[in-house]
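Given next are the chains, with one letter for each unit.
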Amino acid sequence: MKNLLSNIKISVPEKIFLKDPESSDLGKRIIEHSILLIDEIGFDNFTFKKLGAKIGSNESSIYRYFESKHKLLLYLTSWYWAWIEYQLVFSTSNIPNPEKRLLKAIEVVTQTIKEDFDFSHVNEVKLNQIIINEYSKSYLTKEVDSENKEGYFVVYKRLIARLRDMILNVNSEYKYASSISSTIVEGALHQHFLKDHFKSITDCNETVTPTQFFQELTINAIKS
């Protein structure tokens, strides 16, 4: 899978950016250091001025790529979900058994992330932390419906649809395939957050993973 992924360009909806950051060294530095800076200080405290100071570039040069920090967050989250989607596709493509394929898919979307050195300008571990802590800020906005119509969330929705279809391959009569698919993806982020910050209200810990919880939850639900 590693060799296959190294030859793939992660695709993000073009309307999110003004200029493709993958098209230049400056663009890649913007992505690389925005991840590091948001992970360090949080999205609310993040500004293009602070990012410009980090990369030694004018604030105006960043605006040539993204019209706002909200659009930058949409780019980072879309990139992340596309990266997860590629891993899901390659990890499950040679598993003929529907239940085992579903269990593997759940593992991919819920596991603790390790850095993928095929994308040198993206620290996937820190990006994962941003997704856990900040992802909801990309869609809990007044503009969510118009942005959805523009296709900003197409990658995220496509990932959930893939998981839904795998659930239906196990049990075509299950009535809540979309609901449980979105619950797995969103719930995994929440369980990782609870595991790190509110340990008393989750059973996930150093020995019990969100993956184990959602695999058991899903199989029990769709086979009941």
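Scroll up to find the structure.
Here the residue numbers are simple positions, counted from 1 along each chain's written sequence. Only residues with pLDDT of at least 70 get local features here, since the model is predicted, and only at 80 or more are side-chain atom pairs given and counted; chain-wide, interface and lining totals rely on the full set of residues. For side-chain calculations, the full set of non-hydrogen atoms in the structure is used, while hydrogens and water are omitted.

1. Section: the overall build of the protein
Where helices and strands are cited, they refer to DSSP runs of H or I of at least four residues and of E of at least two residues respectively, numbered from the N terminus. When helices and strands are tallied, the protein shows 11 helices and 0 strands. The secondary structure elements of the protein, listed N-terminal to C-terminal, are α-α-α-α-α-α-α-α-α-α-α. Here the C-alpha radius of gyration of the protein, 18 Å, is about what a compact globule of 224 residues would show, namely 17 Å. When its C-alpha atoms are laid out on the principal axes, the protein stretches across 60 × 40 × 35 Å. Residue burial in the protein is summarised as follows: out of 224 residues, 46% are buried. Considering only contacts within the protein whose residues lie at least 6 apart along the sequence, 71% involve residues at least 24 apart. Separation between the mean location of the 28 positive side-chain charges and that of the 29 negative ones in the protein comes to 2 Å. Only C-alpha atoms enter the radius of gyration, while the globule expectation follows 2.2 Å times N to the 0.38, with N the number of residues. For the exposure calls, accessible area comes from a 1.4 Å probe over protein chains only, and a residue counts as buried if that area is under 20% of its type's maximum, exposed if over 50%, partly exposed in between. Here, residues are in contact when the closest pair of their heavy atoms is within 4.5 Å. Charge assignment in this entry is limited to Lys and Arg as positive and Asp and Glu as negative, and neither His nor the chain termini are counted. Where a charge sits is defined by one atom per residue type, namely NZ (Lys), CZ (Arg), CG (Asp) or CD (Glu).

2. A few points about the packing of aromatic side chains
The rule is short: rings of Phe, Tyr and Trp, with Trp giving its six-membered ring, pair when the centres are within 6.5 Å, and they are stacked under 30 degrees, edge-to-face over 60, tilted in between. Per the stated rule, a full pass over the model turns up 14 aromatic pairs. Relative to Tyr-63, the ring of Phe-48 lies with its centre 4.8 Å away and its plane at 70°, an arrangement referred to as edge-to-face. With Phe-48 in helix H3 (residues 48-55) and Tyr-63 in helix H4 (residues 59-63), this residue pair connects regions lying 15 residues apart in the sequence. Pairing Trp-79 with Trp-83 gives two aromatic rings, centres 6.3 Å apart and planes at 20°, and the pair type is stacked. Of this pair, Trp-79 and Trp-83 both sit in helix H5 (residues 69-92), 4 residues apart, which is roughly one turn of that helix. Assigned by exposure class, Trp-79 and Trp-83 land together as buried. Here the guanidinium or amino end of Lys-69 rests over the ring plane of Phe-43, the centre of that ring lying 4.6 Å away. Only lysine NZ and arginine CZ atoms are considered, and such an atom sits over a ring when it is within 6 Å of the ring centre and within 35 degrees of the ring normal.

So far we have only geometry, and geometry alone does not tell us how the molecule works.
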